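So the chains spell out like this:
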Amino acid sequence: MSWMRLRTWVFGLALPLLAFGVVAFELERRHFFVPGTTTDGHYLMEASCNSCHSPFAGVSNDRCSRCHRAELDNDTHPPALFDDPRWADDLEKLDVSSCVTCHREHRGPQSAVTVARDFCFACHSDVVERASHRGLAPATCGDAGCHNYHDGSVLRRDNLAAHQNEPDLLASRGVPARAMPGAVSSRAGTRAPDPPAGLAIPNALATAWRKSAHAVSGVNCSSCHERSGRLVMRPGQELCRSCHAFEVDTFLAGKHGLRTRIGLPALRPRDARLAMRPEAVAGPRQLDCAACHDPHSVDTRPAATEACLGCHDDLHSRSFAGSPHARTAATPGGRRPGQQDVTCATCHLPRLELGRAAGHRVAVNHNNTLTLAPPDRMAAMVCGFCHGLEFSLASLLDRGLVENNFSGHPKKGLKTFAMLHPSAAAAVQERQR
Amino acid sequence: MKRQYAPILGCIASLCWLAVIGCQRADSREAATIPASLVADYIHKVIEADRATYATQVVQRLQDEEGVITANEHFKENKALPLPAQMLRMGAQRASSSGGLRYSLISKWAINKTNLPRTDFERRGLEAVAAQPDRAFREYQDVKGVRYFMAIYADKAVSPACVKCHNHHSESPRHDFREGDVMGGIIIAFPASP
């Protein structure tokens, strides 16, 4: 190729391509560089390449654990365990010391685990020699609520035995009672709004605030709308965090807050892969505290269901209104959802008892992704407040029941419990009949 | 002027040279006088002492003698003390996080199947320390191109709590342990060259 011809190619094609690449990268249009369809879990952050990839170093375990640390608290296969010469032969078969061995990205929306389904057999092939597991296929370890590679705390044998023969609906049920963060202020009860100069407040707003938990705890207009004598019209979630740190931090750890946490523009309904209501997609709503919570009325009932259904339009969400769970919340039980009211938030924003450092208070974990998968986590963190473990797991593993928002009973029992004890096997057969 | 300082500069240079030579000799003497087997012995002494202290002064005392708190393998969920074996494993993971040293518990009768012997060296080592508990089983092993010094030490039931737990656990394959019995081994491994 002559020099003139080469120069034509370079200037005519390569340079414009390079310029396009640089401009696309800088303008946050990085999905041009995504090599394949990203999983549902990472889709919302695919424009932030550096959140996962280190330049010229691939994806390290450290990058994964920045977001997934809380989920791996009880990891039974931590990568550090295998950093030992005694595991060298096993790692030759499957290098489980690296997250990306099993979790390759950009392979499709549902492809969270990208190795063959019989991957457990690389090390645990002897299991089928046990009398209890004889005849089981290698690809079924994770089926039917049997095993969870990372966290066996729910599905371990003694825990299952402790929950064996529980009724579908427990006699004593209800989520823990929630406590308000912080102490009630000495200014509580004054209930006179103190708007900063230049801020006129409508009567309806003042009335809503007077009845609110904010008024009771002494959070007045100026607490949020005034900073160093200056008017702040739209205080952000950093201000909310000054009192609600756990709630904001957990919100930022879930899909709703993820984009904000990593420096991308806040999530909007139009960004989602799940079906969203047309008006939500067309509207300007961005996911922050105020998207679900009215800071003036501080009534969590709309935030617990109406706010969710104002955007989400998938089959599961649309089925909620007619579900048995919705009926529990239909009875008026005070301004805030009661302990036996089941709302969207009951399952997707679970209540947790925080430790001594946080005063043993019960708080709402706002990480909306935490209980979505695997099913045993939802069963233990949420369903177990009202339902037996077997019923919970069987329901969560029944795709039809998930879609119709649990209107009915699971079609199949769980082999897990059947393997545990003969009496459990009889119960499973009875249910299948 | 320059001549005046020449002897002083000469002295300083000589002292520096002597210091460098001295340090080199000290380094070589250090490297030559601490064999890998002794390093492993020292590490084992610390592990064994910590483990025995935790088993007797924490678990045995608080659980079995004073009844203050129980030790349980699901210690987080049950708000209990970790078992001595779990303490050792957590410490080992912390120690290995910066590379180099690895240690773990292994046993033919492991409750946690992760701790079953996995290599021929481990199987031979467990047989050897069961037969002669006071003598460590040591070998150099080449693993994927890296030369490791490995040693296995007998792991004995140091308190009634060890015996009680292993004899009554549903996942335990052996139920007739007595205090002082060899229950398995502690394996220590580190690269033969830094």
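Residues numbered from 1 in each chain as written. Chains lettered and ligands numbered in written order. Predicted model: local features only at pLDDT ≥ 70, side-chain atom pairs only at ≥ 80, totals over all residues. Heavy atoms only, no water.

Asks: Lay out the overall build of chain A with the relevant residues and their values.
Replies: Assigned secondary structure in chain A consists of 23 helices and 6 strands. Projected onto the principal axes, the alpha-carbon positions of chain A cover approximately 85 × 75 × 40 Å. When each of the 433 residues of chain A is scored for burial, the buried share is 36%. Long-range pairs, those at least 24 residues apart, make up 59% of the contacts in chain A with a sequence separation of at least 6. Of the roughly 24,500 Å² of accessible surface on chain A, a fraction of 58% belongs to carbon and sulfur atoms. For chain A, the distance from the average position of its 49 positive side-chain charges to the average position of its 43 negative side-chain charges is 6 Å. (Helix = DSSP H or I, 4+ residues; strand = E, 2+ residues; numbered from the N terminus. Buried < 20%, exposed > 50% of the residue type's maximum accessible area, 1.4 Å probe, protein only. Contact = heavy atoms within 4.5 Å. Areas by Shrake-Rupley, 256 points an atom, 1.4 Å probe, with all protein chains shown as cover. Lys, Arg positive; Asp, Glu negative; His and termini not counted. Charge placed at Lys NZ, Arg CZ, Asp CG, Glu CD.)

Asks: If you had to explain the interface of chain B and chain A to someone new, which residues and values would you point to?
Replies: Facing the 23 residues of chain B at the interface are 19 residues of chain A. Surface buried jointly by chain B and chain A totals about 1,700 Å² across both partners, of which 46% is contributed by carbon and sulfur atoms. Connecting chain B to chain A are 7 salt bridges. We note a salt bridge from Asp89 of chain A to Lys144 of chain B, for which the minimum N-O separation is 3.5 Å. Put simply, chain B and chain A have 10 residue pairs in polar contact (both at pLDDT 80 or more) between them. (Buried area = accessible area lost by both parts, 1.4 Å probe. Salt bridge = Lys/Arg side-chain N within 4 Å of Asp/Glu carboxyl O. Polar contact = N/O pair within 3.5 Å; in protein donor to acceptor, adjacent residues only side chain to side chain.)

Asks: Residues and numbers for the state of the cysteines, please.
Replies: All names here are of chain A. Under the definition given, this model contains 0 disulfides over all chains. Here Cys224 is not cross-linked by a disulfide; its sulfur's nearest cysteine counterpart is in Cys240, at 7.1 Å. No disulfide involves Cys386; its sulfur sits 8.7 Å from the nearest other cysteine sulfur, which is in Cys347. (Disulfide = S-S within 2.5 Å.)

Asks: Tell me about the nonpolar core, residues and numbers included.
Replies: Counting 17 residues, the largest nonpolar core has Met378, Leu389, Leu393 and Phe417 of chain A as the members making the most contacts within it. Looking at this core, the elements that each hand over two or more residues are helix 19 (375–381) and helix 20 (389–396) of chain A. In terms of residue count, the dominant contributor to this core is helix 20 of chain A (4 residues). Apart from the residues lying within four places of it in its own chain, the contact partners of Leu389 of chain A are Val154, Asn159, Leu160, His163, Glu166, Ala379 and Phe417 of chain A. Formed by 15 residues, the second largest nonpolar core is a distinct cluster that contains Ile43, Ala92, Tyr103 and Ile188 of chain B. (Core = buried A, V, L, I, M, F, W, Y, C linked by side-chain atoms within 4.5 Å.)

Asks: With reference to specific residues and values, describe the pairing of strand 4 (residues 182–191) of chain B.
Replies: Residue and element names in this part refer to chain B. A large share of strand 4 lies buried, amounting to 9 of its 10 residues. Bridge analysis of strand 1 (residues 102–106) against strand 4 gives 5 bridges, and the strand direction is antiparallel. Within strand 4, the position partnered with Arg102 by the bridge is Ala189. Where strand 3 (residues 146–156) lies against strand 4, 9 bridges are found, and the strand directions are antiparallel. Considered in strand 4, the bridge of Tyr148 is made with Pro191. (Pairing = 2+ DSSP bridges.)

Asks: How would you explain the sheet that holds strand 4 of chain B if you had to name every residue and give the values?
Replies: Within a sheet, adjacent strands bond to each other through the backbone by hydrogen bonds, running parallel or antiparallel. Residue and element names in this part refer to chain B. Within the open sheet, the 4 strands sit side by side as 1-4-3-2. Their pairing is antiparallel. The open sheet has two edge strands with one neighbour each: strand 1 and strand 2 (137–143). For this sheet, the mean angle separating the axes of adjacent strands, direction not counted, is 25°. (Axes fitted to C-alpha atoms, helices over the stretch in contact; angles between N-to-C directions.)

Asks: So what's going on with the pairing of strand 2 of chain B? Residues and values would help.
Replies: Relative to strand 3 of chain B, strand 2 of chain B is paired through 7 bridges, and the arrangement is antiparallel. Looking at strand 3 of chain B, one finds that Arg138 of chain B is bridged to Ala151 of chain B.

Asks: A description of the side chain of Thr39 of chain A should follow, citing residues and the corresponding values.
Replies: Tracing the chain through its elements places Thr39 of chain A in the loop between helix 1 (3–26) and strand 1 (53–54). Leaving out residues up to four positions away in the same chain, Thr39 of chain A has contacts with Glu105, Gly108, Pro109, Ser111, Ala112 and Arg273 of chain A.

Asks: Help me get a handle on the pattern of salt bridges, residues and values and all.
Replies: In total, this model carries 27 salt bridges over all chains according to the counting rule given. Among the ionic pairs, Arg102 of chain B bridges to Asp83 of chain A, the shortest N-O distance being 3.0 Å. Taken together, the residues Arg102 of chain B in strand 1 and Asp83 of chain A in the loop between helix 2 (61–68) and helix 3 (88–93) connect one chain to another. Its relative accessible area of 8% is what places Arg102 of chain B among the buried residues.

Asks: An account of the confidence of the model for chain B is requested, with residue identities and associated values reported.
Replies: Mean pLDDT for chain B: 87, with 87% of residues reaching 70 or above. Among the prediction metrics, the complex's ipTM stands at 0.74, with pTM recorded as 0.80. (pLDDT = per-residue confidence, 0-100.)

Asks: Talk me through unusual backbone geometry; I want residue IDs and the actual numbers.
Replies: Residue and element names in this part refer to chain A. A cis amide bond links Ala373 to the next residue, Pro374, at an omega of -5°. Within the element layout of this structure, Pro374 appears in the loop between strand 6 (362–364) and helix 19. For Phe56, which is not glycine, the phi dihedral falls at a positive 60°. Along the chain, Phe56 turns up in the loop between strand 1 and strand 2 (58–59). The phi dihedral of Phe406 is positive, around 65°, even though this residue is not glycine. By secondary structure assignment, the location of Phe406 is in the loop between helix 21 (399–403) and helix 22 (415–420).

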